[in-house]
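Given next are the chains, with one letter for each unit.
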Amino acid sequence: MTLRAVVKGVGHFLPERIVPNSEFEKTLDTSDEWIRSRSGIERRHFAAEGQTTSDLGYEAARAALENAGMQADDIDAIVVATSTPDLTFPSVATMLQNKLGMRRGFGFDVQAVCAGFIYALTNANALILSGQCKTVMVVGAETFSRIMDWEDRSTCVLFGDGAGALVLQAETGSGGNEDRGVLSADLNSDGRFKDMLFVDGGVSTTGSSGKLRMQGNALFRQAVEKLTSTAHTALTKIGLTDDAVDWIVPHQANIRIIQGTARKMGVPMDRVIVTVQDHGNTSAASIPLAMSIGVERGQIKPGDLLVAEAIGGGLAWGAVVLRW
Ligand code: UT7
């Protein structure tokens, strides 16, 4: 008998305003054709003025609770992955706790940029396996539109805002790979790559939130190799190979990275959840958004084996193997 953190509910939220690629043609030397062909992105959602990361996270969390058939007070802990919090502190998780009307338990944020949801999910799994919590809400929520340099065409056309959430609950499994729930995880970071993707401001440097800077081409070259390797490591830890995978749920940064990773893993594209065209790179929100949309489309079904993988600023990267 082994404890497993099993998905009981999933939900997502995208802000109302949809911005097509053509809108950037008005202010930048760019084109819909360039953005589509280099990244696969066709449109993204941007939060309204005054709409914050915790607002987006709240809507996704409500949807996940409803999907799970649970109330806020059924949750023991909230783990939020974000790099764009409402305030420097307190955490988005505690703001979410208050908005949900949750009067018990605890919440905290995890910051691993685009790999944030993988880190948050791994932490939530550990809270459950240690017996600390029975039920954990894991949220990825971002407002990357707030840290864009609108004059930098090489970054501002790539990112969007959104949120996704999972409710995980302890269940007893057999200990084998047929169990539902989180089966394996692999986390990595290497701070030598800081300059590839960072924000040029912060509390203890400039005292402002700063703007995102990225060496896209150099990061691209790291991404396919590191994503394939972390996915393989997570699978190998539990004795599985690529052919066991029903769905790759990749971080949605660039369709060419998604295709390159799937090709290296030998998984055909009809077993990959792709949402990048509709909301661009939503950083830590991208994997739970893809999971929720994958379920909504009827692609991901109970019992399917998923590999979720992501890479971003740090560099930080990792993968989780999960039976839905
Ligand atoms: O979420 C974290 C993980 N993020 C990633 O993994 C992102 C990784 N990188 C990428 O997705 C891609 O590298 C990009 C989409 C950012 C760029 O694609 P690329 O094929 O690597 O293009 P590039 O950076 O090599 O740029 C090619 C050309 C350059 O012009 P020159 O120097 O060849 O004359 C850029 O200045 O495209 C130019 N360019 C643009 N042109 C039109 C850059 N941005 C734009 C733009 N519109 N928006």
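Above this text sits the structure in question.
In this report, we go over the structure that sits alongside the text. (Residues numbered from 1 in each chain as written. Predicted model: local features only at pLDDT ≥ 70, side-chain atom pairs only at ≥ 80, totals over all residues. Heavy atoms only, no water.)

Both strand β4 (residues 77–81) and strand β5 (residues 106–110) contribute to a ladder of five bridges, which runs parallel. Residue A77 lies in a different strand from β5, and its bridge partner there is F106. For the crossover from β4 across helix α4 (residues 92–100) to β5, the handedness is right-handed. (Pairing = 2+ DSSP bridges. Helix = DSSP H or I, 4+ residues; strand = E, 2+ residues; numbered from the N terminus. Right-handed = clockwise from strand over helix to strand, strands pointing away.)

This part covers the pattern of salt bridges. Tallied over the full model, the rule gives 15 salt bridges. E42 is the partner of R43 in a salt bridge, and the nearest nitrogen-oxygen pair spans 3.1 Å. Taking the relative accessible area as the measure of exposure, R43 reaches 27% and is therefore partly exposed. E42 sits in the partly exposed class, given a relative accessible area of 23%. The structure contains a network of salt bridges with shared partners spanning D32, R36, E42, R43 and D278. (Salt bridge = Lys/Arg side-chain N within 4 Å of Asp/Glu carboxyl O. Buried < 20%, exposed > 50% of the residue type's maximum accessible area, 1.4 Å probe, protein only.)

As a further point, take the side chain of D190. Counting through the fold element by element, D190 comes out in the loop between β8 (181–189) and β9 (197–199). Looking at D190, its side chain comes within polar contact range of the side chain of R192, at 2.6 Å. Those residues in contact with D190 that sit more than four places away from it in its chain are G314, L315 and W317. (Polar contact = N/O pair within 3.5 Å; in protein donor to acceptor, adjacent residues only side chain to side chain. Contact = heavy atoms within 4.5 Å.)

A few words now on the site of the ligand. Close to the ligand lie 23 residues, the nearest being T30, R38, R153, N254 and N281. Here an oxygen atom of the ligand sits 2.9 Å away from a polar atom, N or O, in the side chain of H251. One nitrogen or oxygen atom from the side chain of N254 is found 2.7 Å from an oxygen atom belonging to the ligand. Coverage of the ligand by the protein amounts to 74% of the 960 Å² it exposes when considered alone. Taken together, the elements giving at least two residues each to the shell around the ligand come down to α2 (32–39), α6 (153–156), α7 (216–236), α8 (255–265) and β12 (305–312). Looking at the shell around the ligand, the element that brings in the most residues is α7, giving four residues. Considered class by class, the residues forming the shell around the ligand number eleven nonpolar, eight polar and four charged. (Near = heavy atom within 4 Å. Areas by Shrake-Rupley, 256 points an atom, 1.4 Å probe, with all protein chains shown as cover. Nonpolar A, V, L, I, M, F, W, Y, C, P; charged D, E, K, R; others polar.)

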